[in-house]
Amino acid sequence: MPLTKRIIPCLDIKDGRVVKGTHFEGLRDAGDPVELAARYNEQGADEVVFLDITASKENRGTIIPVIERAADKLFLPLTVGGGIRSIDDIQQVLRAGADKVSLNTSAVTDPDLITEAAERFGTQCVVVAIDVRANPEMKEGATPVTLADGREVWYEVVTMGGSHPTGLDAVQWAEEVEKRGAGEILLTSMETDGTKAGFDIPITRTISERVGIPVIASGGVGTLEHFWEGFALGKADACLAASVFHYGEMTVSQVKEYLAGRGIQVRR
């Protein structure tokens with residue numbers, strides 16, 4: 001039996017509220033995180049991700065009270081990211097009720113944290129979030145990725161909510177986090193985030209083909225077909241979306257029904 005593909009609503013949280021923008025900017029309110037997560041639970045979501053999107057920028061810890069409220073109400077896996085900088089932070093988040101933690105900025109600044117977390121809590125608890133942006137100026141040693149129009153670029157890892165370029169090659173970084181013990185990669189392309197133009201298929205497919213751990217495609221869903229493209233063309237193991245769910249444009253159950261009709265194995 002092939003593994004079923006997962007549909008994961010993502011809740012970007014700022015000041016205790018769910019927000020959504022484009023390219024991580026122009027944020028607007030989308031509701032209470034626990035109420036929204038409970039709705040997705042009822043719709044058949046496979047998991048839910050909470051991302052405290054300003055915790056790293058504001059140099060503070062993550063949203064423990066929100067996690068505790070959610071853990072009391074939800075009956076599906078919960079991944080939490082944002083402001084997690086140490087083993088103690090991870091322990092606190094897991095104790096509050098999260099099933100997995102998502103490391104992004106802290107993984108780049110302290111790669112040993114990935115290794116330590118995997119050894120301490122198990123690889124299944126460690127998700128490394130990789131935010132990327134296409135860089136048209138090819139550099140020696142970078143992994144070339146061919147875009148739909150034939151141009152060759154490399155993808156650079158960015159941190160701090162997309163505001164800080166790191167110089168890291170995204171494909172090579174994905175391979176390194178796998179070696180260090182990450183259980184999954186949450187891949188968000190700044191090129192497509194919030195645009196509703198579809199996932200960034202070139203980088204999603206490239207990384208999915210280069211690593212042996214699950215890749216979650218994120219950034220850009222606007223139609224049902226985009227989910228199919230993420231799986232069939234991007235070769236992702238899961239597809240994550242936010243605004244199309246938050247604003248009622250589609251439900252998780254509608255997405256799964258559509259995918260099943262197009263031959264994608266989903267849990268119904």
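Here is a short report on the structure shown in this document. (Residues numbered from 1 in each chain as written. Predicted model: local features only at pLDDT ≥ 70, side-chain atom pairs only at ≥ 80, totals over all residues. Heavy atoms only, no water.)

### A word on the overall build of the protein chain
Working step 1: For the protein chain, the count of helices and strands is 10 helices and 13 strands.
Working step 2: Over its C-alpha trace the protein chain gives a radius of gyration of 17 Å, about what one expects of a compact globule, namely 18 Å for 268 residues.
Working step 3: Taking the principal axes of its C-alpha atoms as reference, the protein chain extends roughly 50 × 45 × 40 Å.
Working step 4: Taking all contacts inside the protein chain whose residues are at least 6 apart in sequence as the whole, residues at least 24 apart take part in 64%.
Working step 5: Of the accessible surface of the protein chain, which amounts to about 11,400 Å², a share of 47% is contributed by carbon and sulfur atoms.
Working step 6: The distance from the centre of the 28 positive side-chain charges to the centre of the 40 negative ones in the protein chain is 3 Å. (Helix = DSSP H or I, 4+ residues; strand = E, 2+ residues; numbered from the N terminus. Rg over C-alpha atoms; globule rule 2.2 N^0.38 Å. Contact = heavy atoms within 4.5 Å. Areas by Shrake-Rupley, 256 points an atom, 1.4 Å probe, with all protein chains shown as cover. Lys, Arg positive; Asp, Glu negative; His and termini not counted. Charge placed at Lys NZ, Arg CZ, Asp CG, Glu CD.)

### With respect to the packing of aromatic side chains
Working step 1: Overall, the coordinates contain 2 aromatic pairs when judged by the stated rule.
Working step 2: Note on tyrosine 40 and phenylalanine 245: the rings are 5.9 Å apart at their centroids and 55° apart in plane angle, and the pair reads as tilted. Separated by 205 residues along the polypeptide, tyrosine 40 in helix 1 (residues 33–43) and phenylalanine 245 in helix 9 (residues 243–246) bring together distant segments of the chain.
Working step 3: Here tyrosine 40 falls in the buried class, since its relative accessible area comes to 0%. (Phe/Tyr/Trp six-rings, centres within 6.5 Å; stacked < 30°, edge-to-face > 60°. Buried < 20%, exposed > 50% of the residue type's maximum accessible area, 1.4 Å probe, protein only.)

### Side note on the packing of helix 8 (residues 224–232) against helix 10 (residues 252–261)
Working step 1: At a minimum axis distance of 9 Å, the contact between helix 8 and helix 10 shows a crossing angle of 60°. The pairing of helix 8 with helix 10 is recorded here as oblique in orientation. By crossing handedness, the relation of helix 8 to helix 10 is classed as right-handed. Here Leu224, Glu225, Phe227, Trp228 and Phe231 of helix 8 lie close against helix 10, whose contacting residues are Gln254, Val255, Tyr258 and Leu259.
Working step 2: When grouped by side-chain class, the residues that make up the contact of helix 8 with helix 10 number 7 nonpolar, 1 polar and 1 charged. (Axes fitted to C-alpha atoms, helices over the stretch in contact; angles between N-to-C directions. Parallel < 35°, antiparallel > 145°, perpendicular 65-115°, else oblique. Left-handed = near helix turned anticlockwise from the far one by under 90°. Nonpolar A, V, L, I, M, F, W, Y, C, P; charged D, E, K, R; others polar.)

### Quick word on the environment of aspartate 32
Working step 1: Here aspartate 32 lies in the loop between strand 3 (25–31) and helix 1.
Working step 2: Aspartate 32 gets classed as buried once you look at its relative accessible area, which sits at 14%.
Working step 3: Within the structure, aspartate 32 has its side chain in polar contact with the backbone nitrogen of valine 34 (distance 3.1 Å).
Working step 4: Engagement of the side chain of aspartate 32 in a polar contact is seen with the backbone nitrogen of glutamate 35, the distance being 2.9 Å. (Polar contact = N/O pair within 3.5 Å; in protein donor to acceptor, adjacent residues only side chain to side chain.)

### A word on helix 2 (residues 64–73)
Working step 1: Taken together, the buried positions of helix 2 are occupied by Ile64, Val66, Ile67 and Ala70. Buried residues of helix 2 fall within an arc of 155° about the axis and therefore sit on the same side. Seen from the buried face of helix 2, the exposed residues on the opposite side, beyond 90 degrees, are Pro65, Asp72 and Lys73.
Working step 2: Buried residues along helix 2 sit in contact with strand 1 (6–14), helix 1, strand 4 (48–52), strand 5 (78–81) and helix 3 (87–96). (Arc of directions from axis to C-beta.)

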